[in-house]
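Listed below are the residues making up each chain.
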Amino acid sequence: MLTVCFCAGLAAARTFTGPGLYTDASKWGGGLPVATDVDNIVKGLCGVTNHTDMLYGGKWFHVGSGSAGYVLANNAHFNIGVFRIGDAKPGVFEQTGGSIYFGATALGYSSGYGNAQLYLKDVAATNTNNIVVGDKEPKDVANTYMKVEGGTFRKTGGSTTVQWGTSMSFDNVYIPSYSGFIYVNNGMLSYNNCVFTNLSSMSGSSSAGKTGIVSIVNSVFKQGKSYFGGASKATSIMNVSNSKWAQEYQIYIGGSAGATSFVTAANSELKYTTKYLPEIGYGANSYGEFLITGKDSKLTEQVTGGYIFIASGSNSVGRLIYDGVDFSKASFSVHRASCEIDATSYLIYRNLEGQRTYPIMEPYKAGVKGTYTIFDNSHYKRTSGNTFMGSTGKTNIINVVNGATFRYHIDTGILWFMNAAKVSSTFNVTNSPLFAISGTGYITHEKEGAALKLNFHDSTAQIATNNYFKFGHGAGSVASLSISGNSHVLARTFDCSANGKSEFNLNGGVFEVLQIGGASATINFNGGTMKAWQSISQISNAAIPCNVMEGGAIFDTVTYTNSIATKFLHAGNAAKDGGIVKKGSGKLVLTAASGHTFTGDIIVENGEMDISAATGFTMTQGQKIGGSGTLVPGDGFVAGGIASSTDAAGALTVDGAVEFTEGATVSVDGLTVAQNTSSRINLLVADSIIGADRLVADELPPSWKIVYTATTVDLVPVTGTLLMVK
C-alpha cells in the first residue's frame, strides 16, 4: 500500500485558472510550479511561447480536472512527473518545438471526460513510464488521441496502452528507443515515415474480446517479442507497408486462446535477425494470418536453423501467404506446420513470377493431417534431390491451382516419392497448365504404409513419361490417381504391387497411358477416357478389375491396337451403368473370356472393338450395341438392342453373328417426325442376325418402323413422315 505524506514547506498543490500565460505566477495562485509540487492543475486556456527556461509540472500534472483545461505551448521546455490529460473534464496539451520530459501519462484519467489530446509537433520528447490513451472510456472517441509529428520520441520505461477506440500516431518521427510492451485494445496505433532504433514488444490486443489495430507506413523499425491477439478471443490487425522491419525475436500471430490476428507486410523489407521466427496460429483455437505482399518486398534471414511455425496451437488455424513477392530477393528457412495434430496450416504462394524451388511445408509432428502448401498462379520447379517427403509419419497436402504449375524432374537416379514409412501426400491440381513429375530413372512409391493421392481437375499433367512409376509398392501403402473435368494426364507405365493398394479414378478428362500393370490395382471408370500411347496390352493383368459407373468407360485407341486383359464390372448407384465406348480408328481387344457384369451399352464410334474372347457373351434387355465402327463378337453373342444417333457416320458393323433378346429395343438420338418417305437410317450390318423380329422401338417418334433382313437392321418412315435432326 502506497502512503503519500503531504509535508508543509516541502510540496505544494497549485491550480492555474486561465486564460493566461503559463509563466504568469499570479495565475497559479501562489507562484510557478516547481519539481517538488504534489498536484498541479490547469483549468481554462494556458499558453507559453519562446520560453528557454525549464517549466515544471510537478509530481502530478492535470490538464482538465474540475473544468476543461488547454495548454498551448510553442518553443518551450517541460519537465512533468505523472501526466493526466482529461481528468474528468476535457483536456488538451499541444506543443510545437522545444522539449518535454514526462512520466506516467493517462489520457482520459477519470470517468465522464469528453475528450483528451496530447499533440507534440517537432518536439524532443522523452517518456519514462506508462502511457495510456483512453484510461477510461471517452465520450468523444474521435477527439481522444496522442499524436506526435516530427521531432524525436524516446520511451525509456513502462508500457503503452491504446484502448476504448482511441488512437496514437507517430508521423515523421525519429524514435531512438521505445521500451516496454505495447498494448492496443480496441484502439489504433500508427507510425508513418518513422525510424525506430528499437520498437519494443507489442500485444494487439491484450484484453479479452477487444480489437487492436496497428499501422506502420514508410518506417524503419526493429521489433522484439510480440503477441498479436494477446488475450482470449481478442482480435489484432497489423498493417506494415513500404517499411524496413527487423524482427529480433518471435512474433506470435493469434497469440492467445481463441484470438484472431491478421498481420500484413506490403512492399516492405522483412528481416529475421535471430532463429526465433514467427509462430502463426499460436494459441489454442486461434486463427493467425501473415500476408507478405508486393513485388518490392524483400525477405532475408540472417541466422539459419530457424523455422516458421504455422498453426502451432491446438485446434488452431495458421496461414502464411506470399502474394506477388519477388522471390529472387528472398532467402529464408523451412516452414514447419501444425505442431498439434488437430491444427490446420496453410502455406500459400500466390501470383509469384518465375519458377523456383519454394519451400514446401513440413509437418512438425507425425499424425498431423491438416498441412496445406498451395501454389496459386505460381510456379514450382525442382531439378535436384531424389527425395520428396522423407520424414516418417508426416502428412501434407499440396494444392496447385489457378494457372499454377508444378515441375519436379531429376536427371540421375531414382526419384523417391515418398522416402519414409507412413508418409502421406495429396496433390490437388485444378486449372493447371502443367504438372510434371519425371526423371531419367523410375519413380518409386514403395515405403511401408505410405499414401499418395494425385487428383487432377481441368489440368494437364505429365507423370513418369521417361520411365515407369512403382505405384503403391510398400507394404500397406495406398496410391491413387483421379482425373476429372477437362484434364489430360500423360503417363508411361504404372507398375502396381500386391504389397499395397492402387486405384485409378477416371471421372472425366483423358488419361493417356502406355500401360497399367502389376496387381492389386482397381480402375474406376465414370466418364473418363483412357487413351492409347502405342500398341500394347494397356491393362496387362486380368486381376485388375475395371469398375464401370454411370459415366461409363471410354477408350480412345487413336491408330493403335490395344488389349485389355481384365473384366468390366458393374458399379455405381444406377441399375444401368455407362457401358463401354470405343473411339479412335485403331483396335481395342478385350481378352477376358468371362466375368463381365457391366450393364451399359457397347458403342463403337470408330475403328474396331474385338470381344470375341468372351464366348456366349449375353447382354440383358435394353443393353444395346451401336456406333459406326466394327464390333467383333464371340460365338453365341446376344445383344439387348441397338443404339444409334442421327449424327452417326453410318451403321454399326458386326463382324460375326448377333442374336437379339426378347424385347430388345432400338433408340435413335435426335430423331423427330416430318413428311418424307425417302429417308432411311442404317442401324446395323452383320454376317447374320437372329431375332431381329424381337426388336421394339424405344421412345422412337411415331411413324417410324424397324425393317430388317438376315444381315441388316434399318429404320424407315411410314408414308407421310420425314426424318429431322434436333
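Since this is a predicted model, take the numbers as computed values, not measurements.

Here the focus is the overall build of the protein chain. The number of helices and strands found in the protein chain is zero helices and 72 strands. Its C-alpha radius of gyration of 39 Å places the protein chain more than 25% over the 27 Å reference for a compact globule of 726 residues. Along the three orthogonal principal directions, the C-alpha set of the protein chain runs to about 130 × 65 × 40 Å. With 726 residues in all, the protein chain has 54% of them scored as buried. Taking contacts inside the protein chain between residues at least 6 apart in sequence as the whole, the part at least 24 apart equals 64%. Counting every atom, the protein chain has about 26900 Å² of accessible surface; 49% of that belongs to carbon and sulfur. Between the mean site of the 49 positive side-chain charges and the mean site of the 50 negative ones, the protein chain shows a separation of 10 Å.

Let's shift gears to the confidence of the model for the protein chain. With 93% of its residues at a pLDDT of 70 or more, the protein chain has an overall mean of 88. This model gives residues 1-10 a pLDDT under 50, and the stretch forms two contacts once residues within four places in sequence are excluded. Low pLDDT (under 50) marks residues 721-726, which in the prediction has 30 contacts with non-local residues, meaning those over four places away or in another chain.

Take the nonpolar core next. Counting 161 residues, the largest nonpolar core has Phe153, Phe511 and Leu684 as the members making the most contacts within it. If you look at the next biggest cluster of nonpolar residues, it comprises six residues, including Ile321, Ile348, Ile374 and Val401.

Our next topic: the packing of aromatic side chains. Under the defined criterion, the tally for this structure stands at 48 aromatic pairs. Summarising the aromatic geometry, the rings of Tyr22 and Phe61 are spaced 6.4 Å apart at their centres and angled 50° between planes, so their arrangement reads as tilted. Here Phe61 lies in strand β4 (residues 54-65) and Tyr22 lies in the loop between β2 (20-21) and β3 (39-49), a separation of 39 residues in the sequence. For the pair shown, Tyr22 and Phe61 are each scored as buried. Aromatic side chains Phe78 and Phe93 sit 5.3 Å apart centroid to centroid with 75° between the ring planes, which places their arrangement in the edge-to-face category. Of this pair, Phe78 sits in strand β5 (residues 69-87) while Phe93 sits in strand β6 (residues 91-102); the two residues are 15 residues apart in sequence, bridging distant segments of the chain. Residue Phe78 shares its accessibility class with Phe93, and that shared class is buried. Linked through ring pairs, Phe16, Tyr22, Trp28, Phe61, Phe78, Phe83, Phe93, Phe102, Phe153, Phe170, Tyr178 and Tyr191 together constitute an aromatic cluster.

Here three bridges tie strand β44 (residues 434-439) to strand β47 (residues 460-471), and the two strands are oriented parallel to one another. Across the sheet, the residue bridging to Phe435 is Ala461, located in β47. Two strands pair when backbone bridges link them, and β47 and strand β49 (residues 488-496) are joined in this way by eight bridges, in the parallel orientation. Residue pairing across strands places Tyr468 opposite Thr493, the latter belonging to β49.

On to a nonpolar patch on the surface. On the surface, Leu45, Tyr70 and Leu72 cluster together to form a nonpolar patch covering roughly 250 Å² of accessible area. Mapped onto the secondary structure, Leu45 falls in strand β3.

Turning next to the pairing of strand β1 (residues 13-17). The side-chain alternation of β1 yields one buried face, formed by Arg14 and Phe16, and one unburied face, formed by Ala13, Thr15 and Thr17. Looking at chain direction, β1 and β3 are connected through five bridges and run parallel. If you follow Thr15 over to β3, its bridge partner there is Ile41.

Before going further, it helps to spend a moment on the pattern of salt bridges. Counting across every chain of the model gives 15 salt bridges. The closest approach of N and O atoms between Lys136 and Asp135, which form a salt bridge, is 3.0 Å. Here Lys136 falls in the partly exposed class, since its relative accessible area comes to 32%. The partner of Arg350 in a salt bridge is Asp323, with the nearest N and O atoms 3.5 Å apart. Highlighted residues: Arg350 in strand β34 (residues 344-350) and Asp323 in strand β32 (residues 317-323), separated in sequence by 27 residues. Overlapping salt bridges bring together Asp323, Arg350 and Asp376 as one network.

Mapped onto the elements, Lys582 comes out in strand β59 (residues 580-583). Here Lys582 is buried and forms no salt bridge, its nearest opposite-charge partner Asp556 lying at an N-O distance of 6.3 Å. Looking at Lys582, its side chain comes within polar contact range of the side chain of Thr557, at 3.1 Å. Polar side-chain contacts of Lys582 include one of 2.9 Å to the backbone oxygen of Asn606. Contacts of Lys582, omitting those with residues within four sequence positions, involve Phe555, Thr557, Lys587, Leu588, Ile603, Val604, Glu605, Asn606, Gly607, Glu608 and Met609.

Let us now look at the environment of Ile100. With respect to the helices and strands, the residue Ile100 is situated in strand β6. Between the C-alpha atom of Ile100 and that of Asn79, which follows or precedes it by 21 residues, the distance is 6.0 Å. Ignoring sequence-local partners within four residues, the contact set of Ile100 consists of Phe78, Ile80, Phe83, Phe93, Gln95, Leu120, Val123, Ala124, Ala125 and Thr126.

Here the focus is the state of the cysteines. Scanning all chains against the criterion turns up zero disulfides. Its sulfur unpaired, Cys496 is 12 Å from the next cysteine sulfur, which belongs to Cys546. Judged by relative accessible area, Cys496 falls into the buried class, the value being 3%.

Turning to unusual backbone geometry, a few remarks are in order. For the bond running from Gly18 to Pro19, omega is 10°, close enough to zero to count as cis. Mapped onto the elements of the fold, Pro19 is located in the loop between β1 and β2. The backbone phi angle of Asn193 is positive, close to 55°, even though this residue is not glycine. The residue Asn193 is located in the loop between β17 (187-192) and β18 (195-196) in this model. One non-glycine residue, Asn377, lies in positive phi territory at about 55°. Tracing the backbone shows Asn377 in the loop between β37 (370-376) and β38 (379-382).

Quick look at the environment of Glu149 now. With respect to the helices, strands and loops of the structure, Glu149 is situated in strand β11 (residues 145-149). C-alpha of Glu149 to C-alpha of Gly578: the two residues are 429 residues apart in sequence and 74 Å apart in space. Residues within four places of Glu149 in sequence aside, it is in contact with Tyr119, Leu120, Lys121, Asp122, Asp171 and Val173.

Once that is clear, we can look at the environment of Ile602. With respect to the helices and strands, the residue Ile602 is situated in strand β61 (residues 602-604). Counting along the chain gives 21 residues from Ile602 to Gln623, while the straight-line C-alpha distance between them is 7.9 Å. Setting aside chain neighbours within four positions, we find Ile602 in contact with Ile580, Met609, Ile611, Phe617, Met619, Lys624, Ile625, Gly626 and Leu631.

What counts and how
- Per chain, residues are indexed from 1 in the order of the written sequence.
- The predicted nature of this model means local features are confined to residues of pLDDT at least 70 and side-chain atom pairs, given and counted, to a pLDDT of 80 or more, with totals for whole chains, interfaces and linings taken over all residues.
- Side-chain numbers come from the whole structure's heavy atoms, not from hydrogens or water.
- Counting from the N terminus, the helices are DSSP H or I runs at least four residues long and the strands are E runs at least two residues long.
- Radius of gyration: C-alpha atoms only; globule rule: 2.2 Å multiplied by the number of residues to the exponent 0.38.
- Only protein chains enter the accessibility calculation, which uses a 1.4 Å probe. A residue is then buried if its area is under 20% of the maximum for its type, exposed if over 50%, and partly exposed in between.
- Whether two residues are in contact is decided by their heavy atoms: any pair within 4.5 Å suffices.
- Accessible areas in this description were obtained via Shrake-Rupley with a 1.4 Å probe; residue shielding takes into account the shown protein chains only.
- The charge count treats Lys and Arg as positive and Asp and Glu as negative. His and the chain ends do not count.
- In plain terms, the charge of a residue is placed at NZ if it is Lys, CZ if Arg, CG if Asp and CD if Glu.
- pLDDT is a per-residue confidence score from the predictor, ranging from 0 to 100.
- Think of a nonpolar core as a cluster: buried Ala, Val, Leu, Ile, Met, Phe, Trp, Tyr and Cys residues, connected wherever their side-chain atoms sit within 4.5 Å.
- Each aromatic pair joins two rings of Phe, Tyr and Trp (for Trp, the six-membered one) with centres within 6.5 Å, and gets the label stacked for planes under 30 degrees apart, edge-to-face for over 60, and tilted for any other angle.
- A pair of strands is labelled paired if DSSP reports no fewer than 2 bridges between them.
- Any residue with relative accessible area above 30% and no salt bridge may belong to a patch, with like charges joined within 9 Å and the nonpolar Val, Leu, Ile, Met, Phe, Trp and Tyr side chains within 5 Å.
- The term salt bridge refers to a pairing of a side-chain nitrogen on Lys or Arg with a carboxyl oxygen on Asp or Glu at a separation within 4 Å.
- The term polar contact refers here to a pair of N or O atoms within 3.5 Å; inside protein, the definition further demands a hydrogen-donor-capable atom paired with an acceptor-capable atom, and it admits residues adjacent in sequence only when both atoms are side-chain atoms.
- In plain terms, two cysteine sulfur atoms within 2.5 Å form what is called a disulfide here.

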